[in-house]
Amino acid sequence: MMSYGYKPQLSEGAIKCPIFQTSTFVFKNAEEGKAFFEVAYGLRAQEKNEELGLIYSRINNPDLEILENRLTLWDEAEEAAVFESGMSAITTVLLEFLKPGDLLVFSSPLYGGTDHFIKKILPKFGIHLLEFTIGESKAEVINRIQESGYAENLTMLFIETPANPTNDLVDISSKKEICQYFSLPEKPVYLAVDNTYMGPLWQHPLKFGADLVLYSATKYIGGHSDVIAGACLGSHQLMTRVKGLRTFLGNMASPNTGWLLMRSLETLKVRMDAIAANAEHIAHFLNHHPAVEKVYYLGNLTEADGEAFAIKNKQCLSNGGMISFDLPGGEKQAFKFLNALKLIKLAVSLGSTESLAEHPASMTHADVDPKVREKLSITDKMIRLSIGVEYYEDLIDDITQALEKSME
Ligand SMILES: Cc1ncc(COP(=O)(O)O)c(C=O)c1O
């Protein structure tokens with residue numbers, strides 16, 4: 001993956017891909033310019049050995065193309081597209097595949113920004129919505145779609161698994177079966193999966209039937225809290241549509257963002273391995289701390305958890321790096337804990353080298369309907385930790401002293 005898609009001889013022998021900080025590219029002649037545009041705008045199909053030439057950085061740029069080719073390797077996807085944020089990847093997919101009158105079915109909880117876009121923006125475009133929660137069976141969801149009166153208009157299922165911030169799991173292949181149940185040859189129903197929480201290393205939704213995989217690349221892919229970016233992966237056919245809308249919305253990543261993400265990808269595996277190993281130590285500590293009421297961590301699932309345990313074993317390759325936990329004293333105690341942290345930073349976001357802590361109910365998920373929050377266990381008691389690569393004993397020391405202060 002590290003050297004994939006880059007030819008040093010095309011860049012003065014530079015061992016690393018330079019930042020192609022340019023808005024436009026010079027054509028060799030007018031015929032070449034015409035040919036590039038014909039392919040880029042879909043006026044004719046690309047010929048067998050024809051490469052899509054560089055045109056204009058809203059359409060293509062080497063930093064984005066090489067990064068996209070490298071990203072496809074992790075998920076074994078045909079094609080990828082990178083965006084200037086995770087939200088722009090998600091919203092571009094939703095806008096491309098949905099039209100007025102269509103039905104979108106989605107899992108709950110979702111990241112607060114996705115929840116906002118689906119519930120507050122999509123209805124303005126005449127999209128019908130159906131939300132299902134983690135415990136609902138395939139038969140129940142199928143039944144509810146049929147009873148909604150919009151079954152024929154079902155176009156997409158959008159899921160996030162593990163869900164942010166509760167680590168609740170959605171069975172990807174079972175959701176694909178729902179898509180297949182309602183698909184017609186002339187009207188397929190697509191499954192889109194936000195894989196941000198597991199990153200490209202720990203879960204591969206395409207293998208379980210997803211049509212599109214989405215990432216906030218701000219998280220594990222970027223991994224250093226210094227870039228906002230997003231990515232979408234899927235088949236050549238679907239990605240042509242996604243990239244087409246990206247060209248006209250103009251929300252592609254910049255060359256500099258592409259370069260930063262390529263640099264980050266080189267350490268993706270070592271960072272994520274270190275994070276997962278650290279998270280195991282922290283979860284073990286929290287599980288045994290008397291002040292902690294409940295811990296939400298994939299590694300805590302056992303056979304007694306039934307379906308959730310089976311889903312984890314089927315589709316997750318790691319317990320991940322995200323841990324949430326409840327403190328019995330509600331917001332007051334949670335805030336005391338957060339304010340007392342010294343090493344762990346009080347900030348939203350996740351998947352970075354440094355550990356972060358936040359209060360989902362009043363921060364990332366503040367916009368989610370309080371009744372829905374309560375139902376999903378995103379209460380005032382909850383703290384979300386994103387574990388980094390620091391020495392785990394330092395993290396445990398910090399959590400220990402902050403828990404002590406939270407009880408004063
Ligand atoms: C699960 C999930 N999806 C999508 C997003 C949105 O990504 P971005 O902030 O890069 O736009 C986030 C951001 O926190 C997230 O946690």
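This structure is a prediction, so every number in the text was calculated from the model and none was measured.

For the protein, the helix and strand inventory stands at 14 helices and twelve strands. Overall, the C-alpha framework of the protein stretches about 75 × 55 × 35 Å when taken along its three principal axes. Taking all 408 residues of the protein together, the buried fraction comes to 54%. Within the protein, contacts between residues at least 6 apart in sequence are counted, and of these 73% link residues at least 24 apart. Accessible surface computed for the protein: about 17900 Å², of which carbon and sulfur atoms make up 55%. In the protein, 38 positive and 53 negative side-chain charges are present, and the distance between their average locations comes to 2 Å.

This next bit is on the packing of aromatic side chains. Scanning all chains against the criterion turns up eight aromatic pairs. Relative to Phe248, the ring of Tyr41 lies with its centre 5.8 Å away and its plane at 50 degrees, an arrangement referred to as tilted. Of this pair, Tyr41 sits in the loop between α1 (30-40) and α2 (62-75) while Phe248 sits in helix α8 (residues 236-249), and the two are 207 residues apart along the sequence. With a relative accessible area of 59%, Phe248 lands in the exposed category. Judged by centre distance (5.5 Å) and plane angle (90 degrees), the ring pair of Phe325 and Phe337 falls under edge-to-face. Taken as a pair, Phe325 in strand β9 (residues 322-326) and Phe337 in helix α12 (residues 330-340) lie far apart in primary sequence, twelve residues in all. Judged by relative accessible area, which is 0%, Phe325 ranks as buried. Phe337 sits in the buried class, given a relative accessible area of 0%. Aromatic rings pair up to connect Phe37, Tyr41 and Phe248 into one cluster.

Counting 41 residues, the largest nonpolar core has Leu71, Trp202 and Tyr220 as its most contacted members. Top contributing element to this core by residue count: α2, with five residues. Not counting residues within four places of it along the chain, the set of residues in contact with Trp202 comprises Tyr197, Tyr220, Met272, Ile275, Ala276, Gln315, Cys316, Leu317, Ser318, Gly320 and Gly321. Within the second largest apolar cluster, 26 residues are counted, among which are Val295, Leu341, Ile344 and Ile387.

The next subject is the side chain of Glu136. Examined against the element boundaries, Glu136 turns out to sit in the loop between β3 (128-133) and α5 (138-148). Its relative accessible area of 18% is what places Glu136 among the buried residues. For Glu136, the side chain forms a polar contact with the main-chain nitrogen of Thr133, separated by 2.9 Å. Apart from the residues within four sequence positions on either side, Glu136 is in contact with Glu131, Val141 and Arg144.

Attention now goes to the sheet that holds strand β10 (residues 345-346). Strand order in this open sheet of five strands is β8-β9-β12-β11-β10, and the pairing throughout is mixed. Of all the strands in the sheet, the pair left with one neighbour each is β8 (294-296) and β10. Across five bridges, β9 lies against strand β12 (residues 382-386) in antiparallel orientation. Of the residues in β12, the one forming a bridge with Phe325 is Ile383. Across the sheet, helix α10 (residues 268-287) lies against β8, β9 and β12, angled at about 10 degrees from β9, the strand it touches most.

Relative to the 28 Å expected for 20 residues at 1.5 Å per residue, α10 spans 28 Å between its end C-alpha atoms, a close match to the ideal helical length. By the burial criterion, the buried members of α10 are Leu268, Arg271, Met272, Ile275, Ala276, Asn278, Ala279, Ile282, Ala283, Phe285 and Leu286.

Most of strand β5 (residues 190-194) is tucked away: five of the five residues are buried. A two-sided burial pattern is seen for β5, the buried positions comprising Tyr190, Ala192 and Asp194 on one face and Leu191 and Val193 on the other. Of the pairings in the sheet, the one linking strand β4 (residues 154-160) to β5 comprises five bridges and is parallel in character. Each bridged residue has a counterpart across the sheet, and for Ile159 the counterpart in β5 is Val193. Handedness of the crossover is the feature at issue here: the chain leaves β4, passes through helix α6 (residues 172-182), returns alongside β5, and the resulting connection is right-handed.

Parameters at a glance
Residues numbered from 1 in each chain as written. Predicted model: local features only at pLDDT ≥ 70, side-chain atom pairs only at ≥ 80, totals over all residues. Heavy atoms only, no water. Helix = DSSP H or I, 4+ residues; strand = E, 2+ residues; numbered from the N terminus. Buried < 20%, exposed > 50% of the residue type's maximum accessible area, 1.4 Å probe, protein only. Contact = heavy atoms within 4.5 Å. Areas by Shrake-Rupley, 256 points an atom, 1.4 Å probe, with all protein chains shown as cover. Lys, Arg positive; Asp, Glu negative; His and termini not counted. Charge placed at Lys NZ, Arg CZ, Asp CG, Glu CD. Phe/Tyr/Trp six-rings, centres within 6.5 Å; stacked < 30°, edge-to-face > 60°. Core = buried A, V, L, I, M, F, W, Y, C linked by side-chain atoms within 4.5 Å. Polar contact = N/O pair within 3.5 Å; in protein donor to acceptor, adjacent residues only side chain to side chain. Pairing = 2+ DSSP bridges. Axes fitted to C-alpha atoms, helices over the stretch in contact; angles between N-to-C directions. Expected span 1.5 Å × (residues − 1). Right-handed = clockwise from strand over helix to strand, strands pointing away.

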